[in-house]
Each structure stands twice: as structure tokens, then as C-alpha cells.
Amino acid sequence: MLADPVWFASHAWVCASFVAMLAGMLLFRRSHAVPSRTGRWLKAAIVVTALEAVEMALHTVAYVDLPNLLAGQSTPIYTTHMTMAMIVYPIFGVLFSAFILVAARERALGSIWIAPIGIIGALAHGAAGLLVVGFGITSAGIGFPMIMLVMVWAFIAALIPVHPAAVPSAQPA
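Since this is a predicted model, take the numbers as computed values, not measurements.

Colleague: Can you explain the overall build of the chain? Please cite residues and give values.
Modeller: Looking only at helices and strands, the chain features six helices and zero strands. For the chain, the sequential pattern of α-helices and β-strands runs α-α-α-α-α-α. Here the C-alpha coordinates of the chain stretch approximately 60 × 35 × 25 Å along the principal axes. For the chain, buried positions account for 40% of its 173 residues. Within the chain, contacts between residues separated by at least 24 positions form 73% of all contacts whose residues are at least 6 apart in sequence. Positive and negative charge centroids in the chain, built from 7 and 5 side chains respectively, lie 24 Å apart.

Colleague: Got a sec to walk through the packing of helix α2 (residues 36-61) against helix α4 (residues 76-105)? Specific residues and values, please.
Modeller: At their nearest, the axes of α2 and α4 sit 8 Å apart, and the two run at 155° to each other. Judged by the angle between their axes, α2 and α4 are roughly antiparallel. As for the relative orientation of α2 and α4, their crossing is left-handed in sense. Tallied by class, the residues present in the contact of α2 with α4 amount to 22 nonpolar, five polar and three charged.

Colleague: Residue-level account of the packing of aromatic side chains, with values.
Modeller: Given two aromatic rings, their pairing is described by the distance between the two centres and the angle made by the two planes. Enumeration over the complete set of coordinates arrives at seven aromatic pairs. For the pair Y89 and F144, a centre-to-centre distance of 6.0 Å together with 80° between the ring planes defines the contact as edge-to-face. Here the residue Y89 occupies a position in helix α4, and F144 occupies one in the loop between α5 (115-135) and α6 (147-159), the gap between them amounting to 55 residues. A relative accessible area of 24% places F144 in the partly exposed class. With a centroid separation of 5.6 Å and an interplanar angle of 65°, the aromatic rings of F96 and F99 are classed as edge-to-face. Here F99 and F96 lie together in helix α4, a separation of three residues that amounts to about one turn.

Colleague: Can you explain a nonpolar patch on the surface? Please cite residues and give values.
Modeller: Taken together, the side chains of F8, V61, Y63 and V64 present a nonpolar region at the surface, about 320 Å² in accessible area. When you line up the elements, V64 lands in the loop between α2 and α3 (66-70).

Colleague: A description of the side chain of S111 should follow, citing residues and the corresponding values.
Modeller: Mapping S111 onto the fold places it in the loop between α4 and α5. If we ignore the near neighbours within four places in the chain, the residues touching S111 are A104 and I160.

Colleague: Describe the packing of α5 against α6, and please don't skip the residues or the numbers.
Modeller: Following both chains from N to C, one finds α5 and α6 inclined at 150°, their axes separated by 7 Å at the closest point. With respect to α6, the element α5 is oriented roughly antiparallel. Crossing handedness for the pair α5 and α6: left-handed. Between α5, through A115, I117, G118, I120, G121, A122 and H125, and α6, the contact on the second element is made entirely by I147, L149, V150, V152, W153 and I156.

Colleague: Could you give an account of a positive patch on the surface, with specific residues and numbers?
Modeller: On the surface, R29, R37, R40, K43 and R105 cluster together into a patch of positive charge. Mapped onto the secondary structure, R29 falls in helix α1 (residues 7-31).

Reading the values: the criteria
Residues numbered from 1 in each chain as written. Predicted model: local features only at pLDDT ≥ 70, side-chain atom pairs only at ≥ 80, totals over all residues. Heavy atoms only, no water. Helix = DSSP H or I, 4+ residues; strand = E, 2+ residues; numbered from the N terminus. Buried < 20%, exposed > 50% of the residue type's maximum accessible area, 1.4 Å probe, protein only. Contact = heavy atoms within 4.5 Å. Lys, Arg positive; Asp, Glu negative; His and termini not counted. Charge placed at Lys NZ, Arg CZ, Asp CG, Glu CD. Axes fitted to C-alpha atoms, helices over the stretch in contact; angles between N-to-C directions. Parallel < 35°, antiparallel > 145°, perpendicular 65-115°, else oblique. Left-handed = near helix turned anticlockwise from the far one by under 90°. Nonpolar A, V, L, I, M, F, W, Y, C, P; charged D, E, K, R; others polar. Phe/Tyr/Trp six-rings, centres within 6.5 Å; stacked < 30°, edge-to-face > 60°. Patch = residues over 30% accessible without salt bridge, like charges linked within 9 Å, V, L, I, M, F, W, Y side chains within 5 Å. Areas by Shrake-Rupley, 256 points an atom, 1.4 Å probe, with all protein chains shown as cover. Salt bridge = Lys/Arg side-chain N within 4 Å of Asp/Glu carboxyl O.

The values reported here are purely geometric and, on their own, carry no functional implication.
Right, dumping it as C-alpha cells:
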């Protein structure tokens, strides 16, 4: 997989998506007052999205370890990426899904109608890291690209007007 000619470009786009989503969540948090429960889950979502961005950066550059992997030598970047994938992906999947659900139920971001899109994507992506890397179930790899559903949810949620309860805060920027 590391030798695939589209490895770098495809993963760089995913990494950029996580960074963009992180920036959007930080801007949303800064500019809107949200219910306290949503605020707590938003903080958790920001942390796990930042961890996903770091993991995806390592994931993206893991191809540099290909010669060492083929030679049976040390692969520090690849090994770090694989270890982080088993830990970060499932945590992201669960915590980000909870954020989507709470934000939708409290009408702070998105809606209950689009929440399943993001939840399915987050949980499938989160499970894939553990199932493929941790348990060697390669067929579960279909869950990795499901992260696109989280990005689709984020895009749609950004287009939905914010409920009056989550009005812009009066705090100076």
C-alpha cells in the first residue's frame, strides 16, 4: 500500500480535510454560544480531530519507510502511524459520534436528520483502524474511506442555519 503512486496525494487531502474541519470547529466554538453539554462534547471533538490530523500527517508520510519495511529494518514513522491508528481512530469514532449526536439533539449544529451520515462515517472509520491494524481483518478496510461521510456531514452542517439558541456570542474576537 505504501508503494501505491496515489498514496501521498490521497492521504494529503484527507489530512487537509481534518485540518480544515479542526479550524471550522475552533471558529464555531469561538463565535457561537452553545449549550454546555454540546460545548463539552465540542471540546472533546476538537481534541480528537487534532489527534486525527497528527495521525493522518504521519499516515501521509509513512511511505518514506517503505525501503526499510521491505528490508526488514526499523520503520519509525510507519510503526508510529500504525500504533496511533489503533488508538486514535476508535477514540475519534466514538467521541466524534457523540458530539454529532449531542449537537444535533440540542440543535446547536447540524440536525438530527443528517447526524446518521456523520455517525456512520466516524464509527466505520474508527472501527477500521482497530480491526485492520489490531486484528488483521483486512476486509474491514472498507471502513477507512467512510471518513468521507464525516466530511459530508460537516459540509452539510455548515450550511444549515444555526438554531437561535446557539446565537453568536457577545465576546470580543
